[in-house]
Amino acid sequence: MIAEILLVLAGHPSSLFPKNHTVHPSFSPLLHPGEQQCIESLGQIAFRYRTVKNTCAQLQLSSTRYVSAVCAAINHILKDEYEALVISTEERILRRDADLVASGSFVPLSSIRATFAEWDAPLAALVSLVEDLEARKGVQPGPLIDLLLERAKTGVHRIANIFTQLSHAVERVWRVQLIAFVVHGSISTAEPLVSDSYTFLDGSLPSCITPQSRDSILYVGRAISTVRAAKWQKRLPTDLAIEHAKALEDVMPDDQPNFDRVISHIRTNVSEWLWMNVLTSQAVEEAVDSFANYFLLRNGEFSLALIREIERLKISRLTVRSGATSMIREQDLNLALLRASLGTTAQQDPALSHLRFLLPTGPLRPLLPSLGGGVLANSLSRSIGKQLDSSLFTSTFLGTPLILTYTVTWPLDLFVHPAELSSYSVLFSYLSALRKTHNSIHTCWSSLSNTQRARRRWTGLGEGGTAGDLEARKELLRCGWGVVRDMSWFLDTIMGYVMIDVVDVEYRRLKQQLRSHGGLEEEHTKKSGSMSTEPSSTGVPNLNSTYSRNSIATSRSAASHLGGATSSLRLDFTTLRQMHATYLDRLLTGCLLTNPEVTVTLASAFEVCERFVAQVERWGGDILPALLFEGSLKGDEEEVGVLVAERRAVVVEINEIFHDLLISFYEQLSSATFQRPLASSSVDASKSMALGGHTTFNMSRIPMNSTSKARMGDKADIVDVRRHVERLMLRLDFNGGFSKFSWGRKDNILGDL
């Protein structure tokens, strides 16, 4: 009987238990109830053991490598502990151990039951686990590790220990792929952790990995992989890669503090190596200059030439009757970029070749500006209160979305991501819309002035006309000049504010930060230059481990000799991303693009200005109708001043709409600055942000944590973005017109002019 029970406990079948762990009915009359209970309890342990073993054997053949690791760990634990207990129990019985064999000849079943009692709960937990794994086909490593760690949280020490071992077995397999990605930049073809676009696949990460570590893993892996793919002449030193691999091998992902520390250390090392060897300060400054010149319109002559070239393209297509030649395509717009650069400083700029125009809706026929007024008012009332629509300004040039993009190549793509390019594109659409409208109003002013001088050659000091319509013509001309004057003043104010108080200030601030940090890095590079340029036998610079470790050590030690300015003068790749993200965020906020209401009002004001310019062009470049167009020469007094009255109604309507928009604009600025709570808006150092992330208007200071402030060294130079808007409000209300609401009185519309 005892031998049979030991065989059953070892996993062998027996006629004693024909089904599950119930004793055969033929043996029940021969057993004492207590003996039967002990035998069935031992049979239940043996049944659970067989269930675990059989299920693991099936799972290892048809499941993922992570489930196979769990099954292998279970078999290893059972072999080292459970099966060893069966063998040792048999050995003790054969040796007539006094603890098991009574009087040297009798083995109580209760003693054997007590010996294997410690495996009751563990085997029950393992049965539950393998059944769960069998039900979950193809379970991913993240949920699997979470499941094992969750089941390890129990008060039964043996169960907690077993599930911790199982979790570590899966984590070791997962860690192999992590090391391959983080250290070597390689992505497995079978059950990878990340996709080809360097994003984590669903279920590839356990929940014990913090968001900071997730971002750092993607950042480091993408950088190393990109360096390999680009076949760059400089590679991450071997000894540094070995150091990173050893550091990862010594820590488990569930050991969150130490794992985060190791990942952060690896990111710092890789960032410093990238900054010193791949993406230099000179390349960053050139990229910042290119984006500022073309997306922020700091190259004024090129931006004006581009606006004129696109207008010329529209006119040339409008003169064609029909057919494919009347369409505007992307290649036509890209050719306009090259034509606009002729004769400007952009003609020899290599960055111009990276600029491209995109038409998301495809080729189109050019459209003339709309002259309707009711549609504008209705669209304005529907738009107020909605979130910012990125197409508000992209349709200014052609009436359909037009996006300027930049082809980012290696190694600049480590610094500029698609989300940041999207922010630059939105800024370009906004600034180019402002510049185009501003230029149109100035052209309209010149047209009105020229036509008035031409008319005065025949009318003298007056405006001509009969005695009945003389005063009406004078009032119409005065009203028209007042409208174009107010529009020009408003656009001049906005243009001066945006280009001087926002773009120029933030651009110079970023350049100063880059130069103050870049000078120190260049000095460190020169000190270690003799090692970095030492030729090897193959003629390629020798990038051995000594160079890299000494370069990073030189950077750290040189900064340490500067005392309190250590962290503020050293610029690594993470801080560079932080600076650029803050720069874009301040530009978007300063340009008023983070307030949907203000942005919609500005877009509507630009549209009203374009409508007025288009109306004047339709009238031949003058507010007043030509004298020969009036019916006064026919002697019919009823027709005298009809055209003047019609034009006066149009001008007055435009004037009212424009002034309403000005008042709304000022009120919205005041409300956003003084009445709304100034909630803080943090900038993520490891992520690029797009315009869509700004859902609320924030005029407050862009905060940074103490570490970032110390590293960037600009505590005294942090400019309050709210001051930009306050300067704009001061310019708008310089004579108190807005604060007194004098423009809001409809009866003073002509009087205010």
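Looking up the protein in an unreviewed UniProt entry gives the name Spindle pole body component, with the organism given as Lentinula boryana. You can read under Subcellular location (unreviewed entry) in the UniProt record for the protein the words "Cytoplasm, Cytoskeleton, Microtubule organizing center". Of the protein, the UniProt comment under Sequence similarities (unreviewed entry) reads exactly: "Belongs to the TUBGCP family."

J.: When you look at the nonpolar core in this model, what are you seeing that I'm missing?
T.: Proteins that are soluble and globular tend to have nonpolar side chains buried together. Ranked by size, the top nonpolar core spans 106 residues in total, and within it F490, V498 and F665 carry the most contacts. Sorting elements by how many residues they give to this core places helix α16 (residues 470-527) first, with 19 residues. Non-local contacts of F490, meaning those with residues more than four positions away in its chain, are made with L602, A605, F658, L662, F665 and L732. Grouped together as the second largest cluster of nonpolar side chains are 90 residues, L9, A46, I93 and L126 included.

J.: Would you explain the pattern of salt bridges in this entry?
T.: Oppositely charged side chains may form a pair once their charged atoms are brought near each other. Across all of its chains, the model carries 25 salt bridges by this definition. Among the salt bridges present, the one from D501 reaches R731, with a minimum N-O distance of 3.4 Å. Linking D501 in helix α16 with R731 in helix α24 (residues 721-732), this pair joins segments that are 230 residues apart in sequence. Note on D501: relative accessible area 10%, which makes it buried. Sharing partners across several salt bridges, the network here consists of E285, D289, K511 and R515.

J.: What exactly am I supposed to notice about the pairing of strand β1 (residues 355-358) here?
T.: Note on strand geometry: in a regular strand, side chains alternate between the two faces of the sheet. Here β1 shows a clear split, with L355 and F357 buried on one side and none of R356 and L358 buried on the other. Summarising the sheet, β1 and strand β2 (residues 403-406) pair through four bridges and their orientation is antiparallel. When the bridges of β2 are listed, F357 appears paired with L404.

J.: Explain the state of the cysteines to me, please; I cannot follow it from the model alone.
T.: Note: disulfide means a covalent bond formed between the sulfur atoms of two cysteine side chains. Applying the stated rule across the entire model yields zero disulfides. Note on C444: no disulfide assigned, nearest cysteine sulfur contributed by C609 at a separation of 9.9 Å.

J.: What's the story with helix α8 (residues 211-229) in this structure? I'm lost.
T.: A turn of α-helix holds 3.6 residues, and therefore any two residues three or four places apart point the same way. With 19 residues, α8 extends 27 Å between its outermost C-alpha atoms, agreeing within 8% with the 27 Å of an ideal straight helix rising 1.5 Å per residue. Of the residues one or two after α8, K231 is the one with positive phi, at around 50°.

J.: What's the story with the packing of aromatic side chains in this structure? I'm lost.
T.: Centre distance and the angle of the planes are the two values used to describe a pair of aromatic rings. Applying the stated criterion across every chain, the model contains 17 aromatic pairs. Seen from their ring centres, W174 and F259 are 6.5 Å apart, and the 45° between their planes marks the pair as tilted. A residue pair is termed long-range when its members are at least 10 positions apart, and W174 in helix α7 (residues 157-184) and F259 in helix α10 (residues 256-277) qualify at 85 residues. Exposure remark for F259: the relative accessible area of 2% places this residue in the buried category. Feature note: the residues F291, F295, F357, Y406, Y424 and F428 constitute an aromatic cluster, connected by ring pairs. Positioned over the ring face of W119 is R158, at 5.1 Å from the centre of the ring. Sitting above the plane of the Y219 ring, R267 keeps its charged end 4.1 Å from the centroid.

J.: Explain the packing of α7 against α8 to me, please; I cannot follow it from the model alone.
T.: Two measures define how a pair of helices packs: the angle their axes make with one another and the distance between the axes. The interhelical angle for the contact between α7 and α8, taken along N-to-C directions, is 60°, at an axis separation of 6 Å. Here α7 is positioned oblique relative to α8, judged by the angle of their axes. From α7, L178, F181, V182, V183 and H184 reach across to α8, where they touch I217, L218, V220, G221, R222, I224 and R228. Residues belonging to the contact of α7 with α8 are distributed by class as follows: eight nonpolar, two polar and two charged.

J.: Please clarify how the environment of I441 should be interpreted in this entry.
T.: Note on placement: I441 falls in helix α15 (residues 418-459). Placed 44 residues apart in sequence, I441 and R485 show a C-alpha to C-alpha distance of 9.0 Å. If we ignore the near neighbours within four places in the chain, the residues touching I441 are V484, M487, S488, L491, C609 and V613.

J.: Looking at this structure, how should I read helix α1 (residues 2-9)?
T.: Buried residues of α1: I5, L6, V8 and L9, and no others. All buried residues of α1 fall inside an arc of 160° around its axis, so they share one side. Contacts from the buried residues of α1 go to α2 (33-62), α3 (65-94) and α4 (109-115). A positive phi of about 105° marks G11, the residue just after α1.

J.: It is not clear to me how the packing of α8 against α10 should be interpreted in this structure. Could you clarify?
T.: For the pair α8 and α10, interaxial distance at closest approach is 9 Å and the crossing angle is 35°. The chirality of how α8 crosses α10 is left-handed. Each of S213, D215, S216, I217, Y219, V220, A223, I224 and V227 in α8 lies in contact with α10, whose residues at this interface are F259, D260, I263, I266, R267, V270, S271, W273 and L274. Considered class by class, the residues forming the contact of α8 with α10 number twelve nonpolar, three polar and three charged.

J.: Hey, could you run me through the side chain of S111 in this one?
T.: Along the polypeptide, S111 turns up in helix α4. Once you skip the residues sitting within four places of it in the chain, S111 turns out to touch D99 and L100.

J.: Mind showing me how you'd approach unusual backbone geometry here?
T.: What is expected of a backbone is that most residues other than glycine have negative phi and most peptide bonds are trans. One non-glycine residue, E191, lies in positive phi territory at about 50°. In this structure, L297 is a non-glycine residue whose phi angle is positive, near 60°. Examined against the element boundaries, L297 turns out to sit in the loop between α11 (281-294) and α12 (300-318).

J.: So what exactly am I meant to see when it comes to the side chain of S303 here?
T.: Note on placement: S303 falls in helix α12. Owing to a relative accessible area of 5%, S303 belongs among the buried residues under this scheme. Looking at S303, its side chain comes within polar contact range of the main-chain oxygen of G300, at 2.8 Å. In contact with S303, other than residues within four places in its own chain, are L297 and R435.

Conventions adopted
Residues numbered from 1 in each chain as written. Predicted model: local features only at pLDDT ≥ 70, side-chain atom pairs only at ≥ 80, totals over all residues. Heavy atoms only, no water. UniProt positions renumbered as here; feature names shortened; annotations may be inferred. Core = buried A, V, L, I, M, F, W, Y, C linked by side-chain atoms within 4.5 Å. Buried < 20%, exposed > 50% of the residue type's maximum accessible area, 1.4 Å probe, protein only. Helix = DSSP H or I, 4+ residues; strand = E, 2+ residues; numbered from the N terminus. Contact = heavy atoms within 4.5 Å. Salt bridge = Lys/Arg side-chain N within 4 Å of Asp/Glu carboxyl O. Pairing = 2+ DSSP bridges. Disulfide = S-S within 2.5 Å. Expected span 1.5 Å × (residues − 1). Phe/Tyr/Trp six-rings, centres within 6.5 Å; stacked < 30°, edge-to-face > 60°. Lys NZ or Arg CZ within 6 Å of the ring centre and 35° of its normal. Axes fitted to C-alpha atoms, helices over the stretch in contact; angles between N-to-C directions. Parallel < 35°, antiparallel > 145°, perpendicular 65-115°, else oblique. Nonpolar A, V, L, I, M, F, W, Y, C, P; charged D, E, K, R; others polar. Arc of directions from axis to C-beta. Left-handed = near helix turned anticlockwise from the far one by under 90°. Polar contact = N/O pair within 3.5 Å; in protein donor to acceptor, adjacent residues only side chain to side chain.

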